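Residues per chain are reported as follows:
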Amino acid sequence: MAHWLRFEAKGKVGFGCLQDGVIQVYAGTMFDGPQATGESLPLDEVKILTPCQPTKMVALWNNFHALAEKLGQAI
């Protein structure tokens, strides 16, 4: 099974496939036809990042009963 990850190395963010403690670096996007660059980085030389960069956060306020009461909204 392939282990994909995002990382930061030398001030740049990238992604690749982890194999035996070495990251095989890829270009493009992780989810749409990534292309191997031929570059590899030792795992201990990078900072591991979250799997993807979030673009938005969705939150529901109506599950917070105290706020609903304060605003005079029905629970």
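Above this note sits the structure.
Residues numbered from 1 in each chain as written. Predicted model: local features only at pLDDT ≥ 70, side-chain atom pairs only at ≥ 80, totals over all residues. Heavy atoms only, no water.

> Report on the packing of aromatic side chains, specifying residues and quantitative values.
Taken as a whole and judged by the stated rule, the model has two aromatic pairs. Aromatic pair Trp-4 and Phe-15: ring centres 6.2 Å apart, planes at 35°, arrangement tilted. With a gap of eleven residues between them, Trp-4 in strand β1 (residues 3-9) and Phe-15 in strand β2 (residues 12-19) connect regions that are remote in the sequence. Here Trp-4 falls in the partly exposed class, since its relative accessible area comes to 36%. Here Phe-15 falls in the buried class, since its relative accessible area comes to 8%. Ring centres of Trp-4 and Tyr-26 lie 4.8 Å apart, and the angle between their planes is 65°; this geometry places the pair in the edge-to-face category. Of the two residues, Trp-4 sits in strand β1 while Tyr-26 sits in strand β3 (residues 22-27), which places them 22 residues apart along the sequence. Among the aromatic residues, those joined into a cluster by ring pairs are Trp-4, Phe-15 and Tyr-26. (Phe/Tyr/Trp six-rings, centres within 6.5 Å; stacked < 30°, edge-to-face > 60°. Helix = DSSP H or I, 4+ residues; strand = E, 2+ residues; numbered from the N terminus. Buried < 20%, exposed > 50% of the residue type's maximum accessible area, 1.4 Å probe, protein only.)

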